[in-house]
Amino acid sequence: MLSCNICGETVTSEPDMKTHLLIVHMENEVTCPFCKLSGVNYDEMCFHIETAHFEQNELEKNFERINTVQCGTSNSRKDSTLQCRMEVNSSIHSACASNHPKISAQGPPNNGILKHKGFHSENLTESRKFLKSKEKQSDRTKIKGSIYEAMYSPPECPFCGKIEGCSQDMETHVKTEHADLLDTPLEDCNQPLYDCPMCGLICTNYHILQEHVDLHLEESNFGQGMDRVQCSRDLELAQQLQQEEDRKRRSEESRQEMEEFQNLQRQYGLNNSGGYKQQQLRNMEIEVNRGRMHPSEFHRRKADMMESLAIGIDDGKTKTSGIMEALYRYYQNAATDVRRVWLSTVVDHFQSSFGDKGWGCGYRNFQMLLSSLLQNDAYDDCLKGMSVPCIPKIQSMIEDAWKEGFDPQGASQLNNRLQGTKAWIGACEVYTLLTSLRIKCRIIDFHKSTGPLGTHPRLFEWILSYYSSEREGSPKVLFTSKPPIYLQHQGHSQTVVGIEERKNRTLCLLVFDPGCPSREMQKLLKQDMEASSVKQLRKFVGNLKHKQYQIVAVEGVLSSEEKIARRQASQVFTAEKIP
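Since this is a predicted model, take the numbers as computed values, not measurements. (Residues numbered from 1 in each chain as written. Predicted model: local features only at pLDDT ≥ 70, side-chain atom pairs only at ≥ 80, totals over all residues. Heavy atoms only, no water.)

In terms of regular secondary structure, the protein is built from 20 helices and 15 strands. Across the 579 residues in the protein, those meeting the buried criterion constitute 43%. Summed over all atoms, the accessible surface of the protein reaches about 31200 Å², with 50% contributed by carbon and sulfur. (Helix = DSSP H or I, 4+ residues; strand = E, 2+ residues; numbered from the N terminus. Buried < 20%, exposed > 50% of the residue type's maximum accessible area, 1.4 Å probe, protein only. Areas by Shrake-Rupley, 256 points an atom, 1.4 Å probe, with all protein chains shown as cover.)

Right under this line is the structure:
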């Protein structure tokens, strides 16, 4: 509800208030609210109230202050108060503009009574103080001029805020520029109100509501645009963080791969840390520094090594011969728990030395296999004039086989170079070297376990079949014509020199391990060999539990045509798999 500041009448809406001001206070005459005086203009009525009804006016003024505070709690009532006061100002200026007392165009309310509220603004209070100080002056015109100068400022349009020089100009402005607001028909006073769906503001015109809502939408769109900008920045930041994390992850993976590759190179002797000669000299120097080797012994061994490398023949300092003959005698006279035993042809044991410790087992097993072939007349044709080569010579022989065209994939994996390195060799390199020497052999791959607990009973059965294929019904101990078998598993290799069949029908391999010291192998040469000495050679089914085993078994001699055919077949290297 809105209340008129001039007469106190309450109305329901701003359009009603505008209609009330136009009809009641701009078309009727002014009447004193205390004594019903009329027939004077607005200015004179103000002077009359201040002089004749001063005490009544003070009481009403206090009431007006309370009412003004109450009205200030509502924005809509504050706006109507401003409009009403501007209308009063316009009326006051209209009254002051006339120099002769006439009835003003402004009139009282419908009941003919003009209440006091419109006359008690701060300007009217100041005017009362001014009139008291000048009450002895009797010149009416001078008082009016002083009141006008002290009380009233240039009128301001209540609709658009424009300031005019006098009230008449303001009335003209209002009637010409805002006629649509003033001339609201009475029948439209009950026009519908429109609530803003976003903030609840009440609008009297649909177009004004539309403009108001558009402002909300523009603000919302701006906010959404800022949100999109912020989201875009967040996305860019997230992408940058993800890219940085991916870069760090790739860098870490690359570093780990490089470390693993270097470890593999170091493990397999491909880290350019020198080969057999450099390791031999370095380890002997360590022995001298620790007091385990006399300097003179160091120089003697160094000279022997240099001579061995020069001629390409092993110096034999790690070789132990005669073990196979000693085993034959032992099984003839002892080993009561063994039902039958098959032994390969004569084999010499070669131990790893200072120069190849940790990586030379493949080379040492090849030396054992070749030592057996050199003592077998069946291979004299292809091995004529050969001796057991030293490790650097074996590396050179494998490189020559690669140059002939054998196993190009294996050569590529080892960078086509073995000399001067500590590179490991396995079953493929042994097969390549033997085939290049026209020795017929085959690779058998036992690629998965064939028994409980990861064991390989099929491996034992195959080796038994290999050695026992010559004769049936043979004696307890049999020296066969079969060469030893090269046995490879992950990280190590050994040489199989025979197989036992025990009385409980279990099988046991006899193996030479290049990691076994020569002093231990020499115990087998004693006449009274003990069972504990043979124990280090035995490998039961439960002892071989690696995931995969490969063997190289020699089967005879190749013709030149067969050698060429096998060289072509080695372009894509394949092995026979069991199972």
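Moving on, we get to the side chain of S308. Looking at the secondary structure, you find S308 in helix α11 (residues 295-311). Overall, S308 belongs to the buried group, its relative accessible area being 8%. What S308 contacts, discounting residues up to four positions off in sequence, is I313, D314, D315 and C390. (Contact = heavy atoms within 4.5 Å.)

A side chain of one charge can pair with a side chain of the opposite charge if their charged atoms are brought near each other. One pass over the structure, following the stated rule, counts 23 salt bridges. We note a salt bridge from E297 to R300, for which the minimum N-O separation is 2.5 Å. One end of the pair, E297, and the other, R300, are both in helix α11, three residues apart, so they sit about a helical turn from each other. Its relative accessible area of 23% is what places E297 among the partly exposed residues. Note that D314 and R364 form a salt bridge whose closest N and O atoms lie 3.4 Å from each other. Taken as a pair, D314 in the loop between α11 and β5 (319-320) and R364 in helix α13 (residues 361-374) lie far apart in primary sequence, 50 residues in all. Across this residue pair, the class does not change: D314 and R364 are buried. The network of salt bridges with common partners includes E297, R300, R301, D304 and K317. (Salt bridge = Lys/Arg side-chain N within 4 Å of Asp/Glu carboxyl O.)

Taken as a whole and assessed by the stated rule, the structure comprises six aromatic pairs. An angle of 70 degrees between the planes, with centres 5.3 Å apart, marks the rings of Y330 and Y331 as edge-to-face. Y331 shares its class with Y330; the two are buried. Note on W462 and Y466: the rings are 5.7 Å apart at their centroids and 10 degrees apart in plane angle, and the pair reads as stacked. (Phe/Tyr/Trp six-rings, centres within 6.5 Å; stacked < 30°, edge-to-face > 60°.)

A separate point is α13. Compared with an ideal rise of 1.5 Å per residue, which puts 14 residues at 20 Å, α13 spans 20 Å between its outermost C-alpha atoms and is within 8% of the ideal. Of all 14 residues making up α13, 13 are buried, and the element is well covered by its neighbours. (Expected span 1.5 Å × (residues − 1).)

Moving on: helix α12 (residues 323-333). The complete set of buried residues in α12 reads I323, M324, A326, L327, Y330 and Y331. Each buried residue of α12 sits inside an arc of 155 degrees when the element is viewed along its axis, so together they form one side. Looking one or two residues beyond α12, the residue adopting positive phi is A335, at roughly 55 degrees. (Arc of directions from axis to C-beta.)

In this section: the environment of R329. For R329, the position within the fold is in helix α12. Take R329: its relative accessible area is 37%, and that puts it in the partly exposed class. Sequence separation of R329 and D528 is 199 residues, and the distance between their C-alpha atoms is 10.0 Å.

Quick look at the packing of α13 against helix α14 (residues 391-404) now. Their axes nearest at 10 Å, the elements α13 and α14 cross at an angle of 90 degrees. When the axes of α13 and α14 are compared, the pair comes out roughly perpendicular. Contacts between α13 and α14 pair Y363, R364, F366 and Q367 from the former with I391, I394 and Q395 from the latter. Residue classes in the contact of α13 with α14 are distributed as four nonpolar, two polar and one charged. (Axes fitted to C-alpha atoms, helices over the stretch in contact; angles between N-to-C directions. Parallel < 35°, antiparallel > 145°, perpendicular 65-115°, else oblique. Nonpolar A, V, L, I, M, F, W, Y, C, P; charged D, E, K, R; others polar.)

Attention now goes to the nonpolar core. Counting residues in hydrophobic clusters, the biggest one holds 39 residues, and the most contacted among them are L373, L383, L418, L434, I439, V552 and V554. At the level of elements, α10 (276-289), α11, α13, α14, α16 (427-436), β8 (439-446) and β14 (549-557) are the ones that each hand at least two residues to this core. Not counting chain neighbours up to four residues away, the residues in contact with V552 comprise A427, V430, L434, C441, R442, I443, I485 and Y486. Counting residues in hydrophobic clusters, the runner-up holds 24 residues, among them V341, V347, M368 and V534. (Core = buried A, V, L, I, M, F, W, Y, C linked by side-chain atoms within 4.5 Å.)

P579 follows I578 through a cis peptide bond whose omega is -5 degrees. Mapping P579 onto the fold places it in the segment after β15 (576-577). In this structure, A335 is a non-glycine residue whose phi angle is positive, near 55 degrees. Take A335: it is sitting in the loop between α12 and β6 (338-343). Classification of A335 by relative accessible area gives buried; the value is 6%. Despite not being glycine, N415 has its phi angle at roughly 60 degrees, a positive value. Examined against the element boundaries, N415 turns out to sit in the loop between α15 (408-413) and α16.

Further remarks concern the pairing of strand β12 (residues 507-512). Most of β12 sits inside the fold, with six of its six residues counted as buried. What you see with β12 is no split at all: L507, L509 and V511 on one side and C508, L510 and F512 on the other are buried throughout. Between strand β11 (residues 492-502) and β12, which pair antiparallel one after the other, the connecting turn spans four residues, and R505 there sits at a positive phi close to 70 degrees. One ladder, built from three bridges, connects β12 with strand β13 (residues 538-540); its direction is antiparallel. The residue of β13 that forms the bridge with C508 is F540. (Pairing = 2+ DSSP bridges.)

Turning to its location among the elements, S372 is positioned in helix α13. On the accessibility criterion, S372 (1% relative accessible area) is buried. Separated by 2.5 Å, the side chains of S372 and T345 make a polar contact. Once residues within four sequence positions are removed from consideration, S372 is found in contact with T345, V346, V347, P483 and P484. (Polar contact = N/O pair within 3.5 Å; in protein donor to acceptor, adjacent residues only side chain to side chain.)

Moving on, we come to the packing of α13 against α16. Where α13 contacts α16, the two axes come as close as 11 Å, and the packing angle between them is 30 degrees. Judged on the interaxial angle alone, α16 and α13 are roughly parallel. The chirality of how α13 crosses α16 is right-handed. Listed contacts from α16 to F366, L369 and L373 of α13 are V430, L433 and L434. Residue composition of the contact of α13 with α16, grouped by class: six nonpolar, no polar and no charged. (Left-handed = near helix turned anticlockwise from the far one by under 90°.)

Spatial relationships are all this shows, so hold off on functional conclusions.
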